[in-house]
Amino acid sequence: MRLFVAVTPPPDAIDELRSATAALRTGSEQLRWSAPEQWHLTLAFLGEVDDRARQDVVERLGRAAARHGPCTLSLAGAGRFGQRVLWTRVHGDVDRLRRLAASVRAAARRSRIAVEDRPYRPHLTLARARGDADLRPAVAALSGFAGREWTADELHLVHSRLGAGPDGRAHHELLRSWSLGRS
Ligand code: 2AM
């Protein structure tokens, strides 16, 4: 099954971002916005994982979560990956989050799951372009957004079923969650 590992903002932080993006979300045909209920910070995309590797990585992720404490974070402003992905920036304990992401990726590799080598860039994806799109106006429109502080205190393993969610989007199902910093 197709899996990824993430932390998620609490409902109040999601609501702020939902309000801040409301006008933009209705405006554009070019962008496919992800559902606010599904907004998350991906730490590692594991791709298709078989049962055996999944069982192995579940054990390792539990141990990784225990070794890392909660992270105090906030979301603010926006950025883009080229002409394809619009995201909001992550502030606060990003070094901690980076170390957590590194542990998660190491856990996946030890379970023989291929994960990308590119450095982790903390972000929360808001929308993807249907083709190439000029994302600069959206980035500018969100430049004044500054969300409240929140604590990422759980690590989640999520099953993503492409096309199984509303409007042809992916359906996300939480498979496992671990408290950070607790064994
Ligand atoms: P991102 O939006 O933060 O990049 C589930 O598909 C999640 O896995 C996405 O939200 C995406 O996180 C992340 N992801 C990273 N690489 C991916 C890839 N090659 N294909 C699909 N999703 C990927």
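In this convention, every chain numbers its residues from 1, walking through the sequence in written order. Note on the predicted model: pLDDT of at least 70 is required for a residue's local features to be given, and 80 or more for side-chain atom pairs to be given and counted; whole-chain, interface and lining totals, by contrast, use all residues. As a rule here, side-chain values cover all heavy atoms of the structure and leave hydrogens and water aside.

Engineer: For the pattern of salt bridges, give the residues involved together with the corresponding values.
Structural biologist: Where charged atoms from two side chains of opposite charge approach closely, those side chains can pair. What makes a salt bridge here is a side-chain nitrogen of Lys or Arg within 4 Å of a carboxyl oxygen of Asp or Glu, nothing more. All told, the structure shown has eleven salt bridges when counted by the stated rule. The partner of arginine 148 in a salt bridge is aspartate 12, with the nearest N and O atoms 3.1 Å apart. Note that arginine 148 is positioned in the loop between helix H4 (136-141) and strand E7 (150-152) and aspartate 12 in helix H1 (residues 11-27), a separation of 136 residues in sequence. Three labels apply to residues, based on accessible area from a 1.4 Å probe with only protein chains included: buried if under 20% of the type maximum, exposed if over 50%, partly exposed otherwise in between. According to the relative accessible area criterion, aspartate 12 is partly exposed, its value standing at 35%. Between aspartate 95 and arginine 98 there is a salt bridge whose closest N-O contact spans 3.2 Å. Of this pair, aspartate 95 and arginine 98 both sit in helix H3 (residues 94-110), three residues apart, which is roughly one turn of that helix. Through salt bridges with shared partners, a single network forms among Asp12, Glu16 and Arg148. Secondary structure is summarised from DSSP: a helix means a run of H or I of at least four residues, a strand means a run of E of at least two, and numbering begins at the N terminus for each.

Engineer: Explain the nonpolar core to me, and be specific about the residues and the numbers.
Structural biologist: Among the buried residues, those of types Ala, Val, Leu, Ile, Met, Phe, Trp, Tyr and Cys that are joined through side-chain atoms within 4.5 Å form a nonpolar core. Within the largest apolar cluster, 51 residues are counted, with the highest numbers of intra-cluster contacts made by Leu43, Leu46, Leu86, Leu97 and Leu155. Looking at which element gives the most residues to this core, the answer is H3, with seven residues. Only heavy atoms enter the contact rule, under which two residues are in contact if any of them lie within 4.5 Å. Excluding residues within four positions of it along the chain, leucine 97 makes contact with Val7, Leu41, Leu43, Cys71, Leu73, Val90, Tyr120 and Pro122.

Engineer: An account of the site of the ligand is requested, with residue identities and associated values reported.
Structural biologist: Surrounding the ligand, one finds Arg2, Phe4, His40, Thr42, Phe45, His123, Thr125 and Arg128. Histidine 40 has a polar side-chain atom sitting 2.8 Å from an oxygen atom of the ligand. For accessible areas, the Shrake-Rupley method is used with a probe of radius 1.4 Å. Any residue's cover is judged against the shown protein chains and nothing else. Relative to its unbound accessible surface of 460 Å², the ligand loses 67% to contact with the protein. Here the shell around the ligand gets three residues from one element, more than from any other, and that element is strand E6 (residues 123-129). Note that Gly is not counted as nonpolar here; it falls among the polar residues with everything else outside the nonpolar set of Ala, Val, Leu, Ile, Met, Phe, Trp, Tyr, Cys and Pro and the charged set of Asp, Glu, Lys and Arg. Taken together, the residues that form the shell around the ligand break down as two nonpolar, four polar and two charged. If even one non-hydrogen atom of a residue comes within 4 Å of a molecule or strand, that residue is called near it. Contacts described as polar in this section are N or O atom pairs within 3.5 Å, which, within protein, must combine one atom able to donate a hydrogen with one able to accept it, while residues neighboring in sequence count only if both atoms come from side chains.

Engineer: Please set out the sheet that holds strand E5 (residues 85-92) residue by residue, giving values where relevant.
Structural biologist: In this description, strands pair whenever DSSP reports at least two bridges between them. Here we have five strands laid out as an open sheet, ordered E2-E6-E5-E4-E7, and antiparallel in their pairing. Of all strands in the sheet, those bounded by a partner on one side alone are strand E2 (31-33) and E7. For this sheet the average axis-to-axis angle between neighbouring strands, irrespective of direction, equals 40°. Alignment of E2 against E6, held across three bridges, turns out to be antiparallel. Along E6, the bridge assignment pairs tryptophan 33 with alanine 127. Here an angle of 0 to 180 degrees is reported between the N-to-C directions of two axes, which are lines fitted to C-alpha atoms, with helices fitted over the stretch in contact.

Engineer: Report on the packing of helix H2 (residues 51-67) against H3, specifying residues and quantitative values.
Structural biologist: Their axes nearest at 9 Å, the elements H2 and H3 cross at an angle of 155°. The orientation of H2 with respect to H3, classified from their angle, is roughly antiparallel. Crossing hand, H2 versus H3: right-handed. Each of Asp56, Val57, Arg60, Leu61, Ala64 and Arg67 in H2 lies in contact with H3, whose residues at this interface are Ser103, Val104, Ala107, Ala108 and Arg110. Residue classes in the contact of H2 with H3 are distributed as six nonpolar, one polar and four charged. For classification purposes, an angle smaller than 35 degrees is called roughly parallel, one larger than 145 roughly antiparallel, one from 65 to 115 roughly perpendicular, and anything else oblique. The crossing is said to be left-handed when, going from far helix to near helix, the turn is anticlockwise and less than a right angle, and right-handed when the turn is clockwise.

Engineer: Any chance you could break down the pairing of E6 for me, citing the residues and the numbers?
Structural biologist: In terms of burial, E6 is a largely internal element, six of the seven residues being buried. Sheet analysis places E5 next to E6, joined by five bridges and oriented antiparallel. By the bridge assignment, valine 85 is partnered in E6 with arginine 128.

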